[in-house]
Amino acid sequence: EEGWGMAGSAQCGFVGGLTRDLGRPVQRAKRVDCAARERAMRAASLANARCCMATASVGETAPNAGKAYAADVPDVLRDILERKVVEVAALKQAMAEDPAHALHAVVASKGAVERSRRFYKALDKIPGTLALIAEIKRRSPSKGHIGTISDAADLARLYYDAGASCISVLTDMEGFGGSLGDLREVVKAQERFRGDYPPPCPVLRKDFTIDEIQIAEAAEAGASAVLLIVAALGAQRTKELLADAHAYGLDVLVEVHSEDELTIAIDAGAEIIGVNNRDLRTFEVSLDVSARLKPLMPEGAKLVAESGIRDALDAWKLRDMGYHAILVGETLVTAYESQTENRNMYGGGYNVAKGLARALISKGSVDFTSPSAAAFYGAGEGAKESLGTLEM
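Figured I'd write up the structure that's included with this text. (Residues numbered from 1 in each chain as written. Predicted model: local features only at pLDDT ≥ 70, side-chain atom pairs only at ≥ 80, totals over all residues. Heavy atoms only, no water.)

With the rule as written, the count across this model stands at 26 salt bridges. Taking the shortest distance from any N to any O, the salt bridge between Asp207 and Lys84 comes out at 2.9 Å. Note that Asp207 is positioned in the loop between strand S7 (203-206) and helix H9 (212-221) and Lys84 in helix H3 (residues 75-97), a separation of 123 residues in sequence. Lys84 matches Asp207 in its accessibility class, with the two residues each being buried. The partner of Arg205 in a salt bridge is Asp207, with the nearest N and O atoms 3.5 Å apart. With respect to class, Arg205 is no different from Asp207; both count as buried. A cluster of three or more residues bridged by salt bridges with shared partners is formed by Arg83, Lys84, Glu87, Asp172, Glu174, Arg205, Asp207 and Glu217. (Salt bridge = Lys/Arg side-chain N within 4 Å of Asp/Glu carboxyl O. Helix = DSSP H or I, 4+ residues; strand = E, 2+ residues; numbered from the N terminus. Buried < 20%, exposed > 50% of the residue type's maximum accessible area, 1.4 Å probe, protein only.)

What follows is the structure in structure tokens.
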């Protein structure tokens, strides 16, 4: 069991026949419960990783240029990033001990993978239309428990039906209750819509990326994009990891919270910039952060507002500011689990989260009516149509 680390999550999913499990060939006949395995093995993997951190490496196949993360980071981030250093070391150790590890082939393909830009294109809507990045998140350090989410793929299908443009999946287990297994299941579920309209939602791996090998891991799991947090990485690492992600064919959501961080994102060449309305030092949330940074945004970049989006009015305000997309997790997950279905004698089930998601992206605007009226009736024909459907 030594050296398993996060590598086990890369080996979870839908497997059949002979697969490698902890370095041994194992016959698989059913789906592996990835989250349960990660929880069960975590203690052993972290203990081993702490022993091997100083020497773990995959040599030329997975270089780790520069410092792992920025020196001046908020305390809540520092604890998470220190844990990520351990997880990365364990993953590299697992690769070093297993020449047949799946990530070796992924790393070898770096630079030879053509970028599809699926995630970027999914945010490229006609003017006046807001894209929704719907998130799968079970808990967070600031809020604690959010939702059980027994079936991530089922929630992803609901997001697709509700009109989401992209799906974000938390893959950090300890802080957020997610796993790479969730990501794999969501990607597999979305691929069933290939050939349909709209096409499958591209999937963002939302984690605390500090090393290139995590990007390779995301690519191997089927993600279309990864998250880079400027507050965690600083200028040099943000630029390096952005280039790495593009070399693996992935898009990047670069997250900022201040003017200085936005400057770093722009200088690094970010094509998708996310504004986190939550201050990671105080946990205070305000849409004023998005309003303050919007005039400083570069032309051509896709702009995403994150955190603090509770209802359709918040979404419409951000769209009126000029944001192309919103990333919403807690609000949708809470709605999804608060009421599995709305049923009546006239029709089938209709989940509350599905209605909320449609309201968030409806073509309404607080510029054309009073906020109180918009809350009840919508503002603009698009909003009236969407909210009218819910009313019916």
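Further notes follow.
Here we come to the packing of helix H8 (residues 180-191) against H9. It is the contact of H8 with H9, at a shortest axis distance of 9 Å, that shows an interaxial angle of 35°. Side by side, H8 and H9 meet where Leu180, Leu183, Arg184 and Val187 of the first sit next to Glu217, Glu220 and Ala221 of the second. Counted by class, the contact of H8 with H9 contains four nonpolar, no polar and three charged residues. (Axes fitted to C-alpha atoms, helices over the stretch in contact; angles between N-to-C directions. Contact = heavy atoms within 4.5 Å. Nonpolar A, V, L, I, M, F, W, Y, C, P; charged D, E, K, R; others polar.)

What follows is about the packing of aromatic side chains. On inspection of all chains with the given rule, the structure shows two aromatic pairs. With centroids separated by 3.8 Å and ring planes inclined at 10°, the aromatic side chains of Tyr160 and Phe193 adopt a geometry described as stacked. On the criterion of sequence distance, the pair formed by Tyr160 in helix H6 (residues 152-162) and Phe193 in the loop between H8 and S7 is long-range, its members being 33 residues apart. For the pair Tyr160 and Phe193, a shared accessibility class is recorded, and that class is buried. The interplanar angle of 35° and the centroid separation of 5.7 Å between the aromatic rings of Phe176 and Phe208 together place this pair among those described as tilted. Here the residue Phe176 occupies a position in helix H7 (residues 173-176), and Phe208 occupies one in the loop between S7 and H9, the gap between them amounting to 32 residues. Accessibility assignment for this pair places Phe176 and Phe208 in one class, buried. Here the guanidinium or amino end of Arg117 rests over the ring plane of Tyr120, the centre of that ring lying 4.3 Å away. (Phe/Tyr/Trp six-rings, centres within 6.5 Å; stacked < 30°, edge-to-face > 60°. Lys NZ or Arg CZ within 6 Å of the ring centre and 35° of its normal.)

A few words on the packing of helix H10 (residues 230-247) against helix H11 (residues 259-268). At a minimum axis distance of 9 Å, the contact between H10 and H11 shows a crossing angle of 5°. Of the possible angle classes, the one that applies to H10 and H11 is roughly parallel. Mapping the contact onto sequence places Val230, Ala231, Gly234, Ala235, Thr238, Lys239 and Leu242 in H10 and Glu261, Ile264, Ala265 and Ala268 in H11. (Parallel < 35°, antiparallel > 145°, perpendicular 65-115°, else oblique.)

Another aspect to go through is the sheet that holds strand S11 (residues 302-306). As summarised here, the arrangement of the eight strands in space is S3-S6-S7-S8-S9-S10-S11-S12, forming a closed barrel in which the pairing is parallel. For this sheet the average axis-to-axis angle between neighbouring strands, irrespective of direction, equals 25°. In this structure, strand S3 (residues 131-136) lies alongside strand S12 (residues 325-328), joined through four bridges in parallel fashion. Pairing of Ile133 across the sheet is with Leu327, part of S12. Relative to the sheet, H6 contacts S3 and strand S6 (166-170), its axis offset from that of S3 by approximately 165°. Sheet strands touched by H8: S3, S6 and S7. Its angle to S7, the strand with the most contacts, is close to 175°. (Pairing = 2+ DSSP bridges.)

All right, on to the nonpolar core then. Counting 107 residues, the largest nonpolar core has Leu123, Leu132, Ile136, Tyr159, Ile326, Leu332 and Leu360 as the members making the most contacts within it. Residues within four places of Leu123 in sequence aside, it is in contact with Ala131, Ile133, Cys166, Ile272, Lys302, Val304, His324 and Ala325. (Core = buried A, V, L, I, M, F, W, Y, C linked by side-chain atoms within 4.5 Å.)

Time to look at the environment of Thr129. Its place among the elements puts Thr129 in the loop between helix H5 (118-122) and S3. Under the relative-accessibility criterion, Thr129 is labelled buried at 18%. Taking the C-alpha atoms as reference points, Thr129 and Trp316, 187 residues apart in sequence, are found 9.8 Å from one another. For Thr129, the contacting residues outside a window of four places in its chain are Arg319, His324 and Lys363.

A few words on helix H15 (residues 352-360). Within H15, seven of the nine residues are buried, which leaves it mostly tucked inside the rest of the structure. When H15 is considered as a whole, its buried residues turn out to be Ala353, Lys354, Gly355, Leu356, Ala357, Ala359 and Leu360.

With that settled, the discussion passes to unusual backbone geometry. With an omega of 0°, the peptide bond between Tyr197 and Pro198 qualifies as cis. Its location among the elements puts Pro198 in the loop between H8 and S7. The backbone of Ile149 shows a phi angle near 45°, a positive value even though the residue is not glycine. In this structure, Ile149 sits in the loop between strand S5 (144-145) and H6. In this structure, Ser307 takes a positive phi of about 75° despite not being glycine. Checked against the element boundaries, Ser307 lands in the loop between S11 and helix H13 (312-321).

So, about the pairing of strand S9 (residues 251-256). With six of six residues buried, S9 lies mostly within the body of the structure. Burial of S9 is two-sided: the residues Asp251, Leu253 and Glu255 facing one way and the residues Val252, Val254 and Val256 facing the other way are all buried. One ladder, built from five bridges, connects strand S8 (residues 225-229) with S9; its direction is parallel. Counterpart to Ile229 in the pairing with S9 is Glu255. Tracing the backbone out of S8, into H10 and back to the parallel element S9 gives a crossover that is right-handed. Note that the unit made of S9, H11 and strand S10 (residues 272-276) has a crossover that is right-handed. (Right-handed = clockwise from strand over helix to strand, strands pointing away.)

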